[in-house]
Structures are given as structure tokens and as C-alpha cells.
Amino acid sequence: MLVTLEGLDGSGKTTVWEALQERYPDAEFTREPTNDSWYGDAVYRSIEDDDADPLAELFLYTADHADHLSRVIEPALERGDLVISDRYSDSRFAYQGATLETAEEHDLADPLEYVVDIHEPFSITPDLTIYLDLDPETAATRAGTTNKFERAEYLASVRDNYERLIERDPDRFVRVDAMQSPADVLDAVTDALDEAVSASR
Ligand SMILES: Nc1ncnc2c1ncn2[C@@H]1O[C@H](COP(=O)(O)OP(=O)(O)O)[C@@H](O)[C@H]1O
Ligand SMILES: Cc1cn([C@H]2C[C@H](O)[C@@H](COP(=O)(O)OP(=O)(O)O)O2)c(=O)[nH]c1=O
């Protein structure tokens, strides 16, 4: 079973993902961008390059995803493991969908759909996606960005894209209010996860 954690930067995904490792010691914990491959290294180089071409960046993230699938996710699912990924393809749909929306050098009619279509032939859809919902200003503050206003504006369009994704596939998503205390967020996530795991047995 594949479970993904999604949300804006600063929404608390990594905090939850780390806490879940105690509760599910046998699960495979993984993340995107990956932090153990040269594909992931290439993604982080691109994140640090303010002049990165947005379409090139999309394909770097997608290359990292393809490698992550074949190297980590598919073998774990074949073993029957529970896989919990901190970010996954919805991050690309929401973030690169937003980046490409304003990219002057590329004129795509519907960037979010374009990114979804690229994944369609090879990717695996998660069984459950837990969405940590947070307003863009709080997200930018928590993420500690240098240009908070600019970041919050970008995160607002990323959040709109997450809402579109939830609307098109409501049964896959569980929304958790990320303004709650870390303990309450963890409880809500654990409830959703426990329920999905027992339903899959
Ligand atoms: N529920 C919460 N309430 C307040 N602050 C939080 C909460 N969850 C996480 N934080 C803090 O917000 C920051 C970003 O959290 P993190 O888990 O790294 O988010 P993400 O992985 O989604 O970017 C960290 O400083 C973390 O301690
Ligand atoms: C996986 C992924 C991440 N990202 C972005 C989100 C983050 O701003 C950045 C790094 O991700 P991450 O290290 O998960 O950041 P955070 O813990 O702050 O959420 O990469 C994309 O734009 N597209 C993607 O497909």
C-alpha cells in the first residue's frame, strides 16, 4: 500500500513523517525529491538555480520520480510493504503546475493537466494521500523563506492546484488541518492511516 504526505512547504510533513517511523517500524519510509541518488542531487541543484528553466526543472523532478519508483517504491510494494512517502507526484502536479502557469518561456494551455499526463503512462497512483492543509502565509513563515511575500504568493497558487487535485480525486485524499498542534496533526494522520491500513487487510 502506497501512502503519500502532501502539502505546502512548512505544513509539517517531515515532522509527521519522522514521528510515524516509531509507529510503523516495518514500513518503508521514503521521500521526493530523493536524497540518496544523483537524480535527487540534480533536482536540488536546480532548486538552488534562480534561472533554472521551469520545463527542464519539471523533467529533472520527473526523472528523479522514475528512478524512485523503480529503485524504491515498486520493490517495496512487491514485497507487500507499507510505503510512506514525504511528497510524491502530487507535488509535481501542484508546484510545477504553478511554476509553468507563470513561465513566460513556455505557453502551456493547462500546465497542471500537462504534468499529470506526463506521469500517466508510467507512475503509480497512491492508495491514500494525506494533505496537510495550511494557509500560504503561515506556510511561508514556518518554512523560513528569505522573501516571504513572494513565496506566499507562489504558495497560494500551489495551494489552488492542490484543491484542484482533491476535487478530481476526492476519495484518495484525507485533508488534515495543519494549524492544529503537532500532536493533534499526528493523531489525525495516524487515524487516517490506521483506517486505510485495516481496510486494505
Ligand atoms: N503543527 C505544527 N504547528 C506549528 N509548527 C509546526 C507544526 N508542525 C511543524 N511545525 C514546524 O514548522 C516547521 C516546518 O515543519 P516541517 O515538518 O519541516 O514541514 P514540511 O516538511 O512540510 O516543510 C518546523 O520548524 C516545524 O517544527
Ligand atoms: C517533490 C517535489 C518538490 N518540489 C518542491 C517543494 C519544496 O519547495 C522543494 C523541496 O522539497 P522538500 O525538501 O520536501 O521541502 P519541504 O520540506 O520544505 O516541503 O521542492 C517541487 O516543486 N516539485 C516536486 O515534485
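Owing to the predicted nature of the structure, the values given are computational and were not obtained by experimental measurement. (Residues numbered from 1 in each chain as written. Chains lettered and ligands numbered in written order. Predicted model: local features only at pLDDT ≥ 70, side-chain atom pairs only at ≥ 80, totals over all residues. Heavy atoms only, no water.)

Caption draft 1: Representation of the UniProt feature "binding site: ATP" (unreviewed entry) in the protein chain within the structure. UniProt annotation of "binding site: ATP" (unreviewed entry) refers to G7, L8, D9, G10, S11, G12, K13 and T14 when read in the numbering used here. In this structure, the largest pocket is lined, among the annotated residues mentioned, by D9, G10, K13 and T14. One can find G12 in the loop between β1 (2-7) and α1 (13-23). The residues touching G12, leaving out its near neighbours within four places in the chain, are L132 and R142. For T14, the location among the structural elements is in helix α1. By relative accessible area, T14 is classed as partly exposed at 34%. (UniProt positions renumbered as here; feature names shortened; annotations may be inferred. 1 Å grid on protein atoms, 1.4 Å probe; cavity = no way out; pocket = protein on both sides within 12 Å on 5 of 7 lines; lining within 4 Å. Helix = DSSP H or I, 4+ residues; strand = E, 2+ residues; numbered from the N terminus. Contact = heavy atoms within 4.5 Å. Buried < 20%, exposed > 50% of the residue type's maximum accessible area, 1.4 Å probe, protein only.)

Caption draft 2: Region of interest: a negative patch on the surface. A cluster of like negative charges, contributed by D184, D187, D191 and E195, occupies part of the molecular surface. Within the secondary structure, D184 sits in helix α8 (residues 182-200). On the accessibility criterion, D184 (38% relative accessible area) is partly exposed. (Patch = residues over 30% accessible without salt bridge, like charges linked within 9 Å, V, L, I, M, F, W, Y side chains within 5 Å. Areas by Shrake-Rupley, 256 points an atom, 1.4 Å probe, with all protein chains shown as cover. Salt bridge = Lys/Arg side-chain N within 4 Å of Asp/Glu carboxyl O. Lys, Arg positive; Asp, Glu negative; His and termini not counted. Charge placed at Lys NZ, Arg CZ, Asp CG, Glu CD.)

Caption draft 3: Molecular detail of the packing of helix α5 (residues 111-119) against helix α7 (residues 148-168). Contact geometry for α5 and α7: axes closest at 11 Å, N-to-C directions at 60 degrees. Classified by the angle their axes make, α5 and α7 are oblique. For the pair α5 and α7, the crossing hand works out as right-handed. Mapping the contact onto sequence places L112, E113 and V116 in α5 and N161, R164, L165 and R168 in α7. (Axes fitted to C-alpha atoms, helices over the stretch in contact; angles between N-to-C directions. Parallel < 35°, antiparallel > 145°, perpendicular 65-115°, else oblique. Left-handed = near helix turned anticlockwise from the far one by under 90°.)

Caption draft 4: Main features of the side chain of H119. Within the fold, H119 resides in helix α5. A polar contact is formed between the side chain of H119 and the backbone oxygen of V115, at a distance of 2.9 Å. Ignoring any residue separated from it by four or fewer positions in sequence, one finds H119 in contact with T62, H65, S89, R92 and F93. (Polar contact = N/O pair within 3.5 Å; in protein donor to acceptor, adjacent residues only side chain to side chain.)

Caption draft 5: Up close: the site of ligand 2. Around ligand 2, the structure places 15 residues, and the nearest of them are D9, R31, R87, R92 and Q96. A distance of 2.7 Å separates an oxygen atom of ligand 2 from a polar side-chain atom of D9. Within the side chain of Y44, a nitrogen or oxygen atom sits 3.4 Å from an oxygen atom of ligand 2. Protein burial of ligand 2: of its 550 Å² of free accessible surface, 84% is covered by the chains. Its atoms largely coinciding with the cavity grid, ligand 2 occupies the largest pocket. Residue assignment for the shell around ligand 2 shows that the elements contributing at least two residues are α1, α2 (38-48) and α4 (89-101). In terms of residues, the shell around ligand 2 owes the most to one element, α4, which gives four residues. (Near = heavy atom within 4 Å. Sits in = over half its atoms within 2 Å of the grid points.)

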